[in-house]
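The chain contents come next:
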Amino acid sequence: MKIREVVQLLNAKVISGHDYLEAEVEYTFASDLMSDVLTIEKENILLLTGLANLQTIRTSEMSEISNIVFVRKKKATPEMIQLAEENDMILIECDYSMFKASGLLYTAGLKPVY
Amino acid sequence: MNFEFNVEGGNFTKAGTASSQLKKILKQLNVDSKVIKRIVVALYEAEVNIVAHAYSGKVIIDISTDRIDMVLEDEGPGIPDISLAMQQGYSTASSAVREMGFGAGMGLPNMKNNCDELTITSEVGKGTIVKMAVCLNQN
Ligand SMILES: Nc1ncnc2c1ncn2[C@@H]1O[C@H](COP(=O)(O)OP(=O)(O)OP(=O)(O)O)[C@@H](O)[C@H]1O
Ligand SMILES: [Mg+2]
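No experiment lies behind these values; they were computed from the predicted model shown. (Residues numbered from 1 in each chain as written. Chains lettered and ligands numbered in written order. Predicted model: local features only at pLDDT ≥ 70, side-chain atom pairs only at ≥ 80, totals over all residues. Heavy atoms only, no water.)

**Q** Could you give an account of the overall build of chain A, naming the residues involved and the relevant values?
**A** Counting secondary structure elements, chain A contains 5 helices and 6 strands. Helices (α) and strands (β) of chain A occur, in sequence order from the N terminus, as α-β-β-α-β-α-β-α-β-α-β. Here the C-alpha atoms of chain A give a radius of gyration of 12 Å, agreeing with the 13 Å that 2.2 N^0.38 yields for 114 residues. Counting all 114 residues of chain A, 54% fall into the buried class. Considering only residue pairs separated by 6 or more positions, chain A has 51% of its internal contacts joining residues 24 or more positions apart. Carbon together with sulfur atoms contributes 50% to the accessible area of chain A, which is approximately 5,300 Å² in total. The centroid of the 11 positive side-chain charges in chain A is displaced by 10 Å from the centroid of its 17 negative side-chain charges. (Helix = DSSP H or I, 4+ residues; strand = E, 2+ residues; numbered from the N terminus. Rg over C-alpha atoms; globule rule 2.2 N^0.38 Å. Buried < 20%, exposed > 50% of the residue type's maximum accessible area, 1.4 Å probe, protein only. Contact = heavy atoms within 4.5 Å. Areas by Shrake-Rupley, 256 points an atom, 1.4 Å probe, with all protein chains shown as cover. Lys, Arg positive; Asp, Glu negative; His and termini not counted. Charge placed at Lys NZ, Arg CZ, Asp CG, Glu CD.)

Now the structure itself:
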């Protein structure tokens, strides 16, 4: 699925990475636990999280995750946006809960990691 | 090729800067991207452990043609029982660390999973030394 479709589906707002909306994602991982995100071995992942801090971006950088959706109106700080831009990442903010966002993406065909 | 980075205990905004710089270096050296990921995930886990559990530390990196050696030395409380600490789910992380998205007791097992060699030595009340090595040419 293209990021553009994810944004539409979640009625969401792109905060960083406007140039990469044609990028494809295959899997979604929904977690606030960065320890867990660091164990993922799959590629083309969309991370859904309610944890909006600098370590969310750092963890994604190390895990080769370029696509992050912050659920439940969590906002990315300017430092987070800067680090995301340095790493060519897409940051998306959405109002929906983790449950609703996960359900919509699952139904639309994104695969689970485990 | 040698590099050294300092790590500040407790400072989560800086956690990962060594791993981030190493990632850029390895990319420039054209190391395979899957191997890079294993290396930087292991180093990041170790770096975050110093930030989360120790007072200060340093990372010493040695890159040769076929392997990378990473040594993390910290001043901190040390680990009383290393085999217990290696168990999945064992964590003494503070609530502040958990709020940052860490402290699930998954870091040391994940380091072991991503490294070809891992040795940990520790002295209670003094500090911990983590040595990791990864082969650069794996197919
Ligand atoms: N450098 C260190 N200094 C002192 N204690 C440490 C150090 N590294 C690890 N430990 C101890 O080992 C435990 C397990 O470490 P591990 O990295 O597996 O989990 P964690 O850091 O608690 O959580 P996670 O890695 O999932 O965020 C820690 O909770 C801590 O008690
Ligand atoms: Mg850890």
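Now that the structure has been shown, we can carry on.
**Q** Pulling in residues and values, what's your account of the interface of chain A and chain B?
**A** How big an interface is tends to be stated in terms of the accessible area lost upon association of its parts. Opposite the 21 residues of chain A that make contact, chain B presents 23 residues. Where chain A abuts chain B, roughly 1,900 Å² becomes buried across the two surfaces, and 53% of that area is made up of carbon and sulfur atoms. Together, Leu38(A), Gln55(A) and Met62(A) form the three largest contributors to the area buried by chain A at its contact with chain B, with a combined 34%. Where chain A packs against chain B, one counts 2 salt bridges. In this structure, Glu43(A) engages Lys34(B) in a salt bridge whose closest nitrogen and oxygen atoms are separated by 3.6 Å. (Buried area = accessible area lost by both parts, 1.4 Å probe. Salt bridge = Lys/Arg side-chain N within 4 Å of Asp/Glu carboxyl O.)

**Q** Tell me about the sheet that holds strand β4 (residues 117-123) of chain B, and please be specific about residues and values.
**A** Residues and elements named next belong to chain B. Across the sheet, 5 strands lie side by side as β1-β2-β3-β5-β4; this open sheet has antiparallel pairing. Looking along the sheet, the strands with just one partner apiece sit at the ends: β1 (2-8) and β4. Strand-to-strand twist across the sheet, computed as the mean angle between neighbouring axes with direction ignored, equals 10 degrees. Here 7 bridges tie β1 to strand β2 (residues 56-63), and the two strands are oriented antiparallel to one another. Bridging across to β2, Val 7 finds its partner in Gly 57. Along the sheet, helix α2 (residues 33-53) contacts β1, β2, β3 (67-75) and β5 (127-135); its crossing angle with β3, the most-contacted strand, is approximately 5 degrees. (Pairing = 2+ DSSP bridges. Axes fitted to C-alpha atoms, helices over the stretch in contact; angles between N-to-C directions.)

**Q** Explain the site of ligand 1 residue by residue, including any values.
**A** Residues and elements named next belong to chain B. Taken together, 21 residues form the shell around ligand 1, and within it His 53, Ser 91, Thr 92, Gly 103 and Met 106 come nearest. Thr 92 places a side-chain nitrogen or oxygen 2.5 Å from an oxygen atom of ligand 1. Backbone polar atom of Gly 105 to an oxygen atom of ligand 1: 3.0 Å apart, as the coordinates give it. Burial of ligand 1 by the protein chains amounts to 95% of its free accessible area of 600 Å². Structurally, ligand 1 is housed in the largest pocket. At the level of secondary structure, the elements contributing two or more residues to the shell around ligand 1 comprise α2 and α5 (107-114). In terms of residue class, the shell around ligand 1 is built from 9 nonpolar, 10 polar and 2 charged. (Near = heavy atom within 4 Å. Polar contact = N/O pair within 3.5 Å; in protein donor to acceptor, adjacent residues only side chain to side chain. 1 Å grid on protein atoms, 1.4 Å probe; cavity = no way out; pocket = protein on both sides within 12 Å on 5 of 7 lines; lining within 4 Å. Sits in = over half its atoms within 2 Å of the grid points. Nonpolar A, V, L, I, M, F, W, Y, C, P; charged D, E, K, R; others polar.)

**Q** Which residues make up the packing of aromatic side chains, and what values do they have?
**A** Summed over the entire model, instances satisfying the criterion amount to 3 aromatic pairs over all chains. Taken together, a centroid distance of 6.2 Å and an interplanar angle of 70 degrees make the contact between Phe29(A) and Tyr114(A) edge-to-face. In this pair, Phe29(A) is assigned in strand β2 (residues 27-30) and Tyr114(A) in the segment after β6 (111-112), connecting sequence segments 85 residues apart. Among the residues examined, Phe29(A) registers a relative accessible area of 9% and is labelled buried. Centroid distance Tyr44(B) to Phe102(B): 6.3 Å. Interplanar angle 70 degrees. Geometry classified as edge-to-face. Here Phe102(B) lies in the loop between α4 (95-99) and α5 and Tyr44(B) lies in helix α2, a separation of 58 residues in the sequence. The ring of Tyr96(A) carries Lys100(A) above its face, with NZ or CZ at 4.1 Å from the centroid. (Phe/Tyr/Trp six-rings, centres within 6.5 Å; stacked < 30°, edge-to-face > 60°. Lys NZ or Arg CZ within 6 Å of the ring centre and 35° of its normal.)

**Q** Tell me about the pattern of salt bridges, and name the residues and values.
**A** Tallied over the entire structure, the rule returns 11 salt bridges over all chains. A salt bridge links Lys75(A) to Glu93(A), with the shortest nitrogen-to-oxygen separation between them at 3.6 Å. Linking Lys75(A) in the loop between β4 (67-70) and α4 (78-86) with Glu93(A) in strand β5 (residues 90-93), this pair joins segments that are 18 residues apart in sequence. Judged by relative accessible area, which is 9%, Glu93(A) ranks as buried. One salt bridge connects Lys14(B) with Glu8(B), and the closest N-O pair in it is separated by 2.9 Å.

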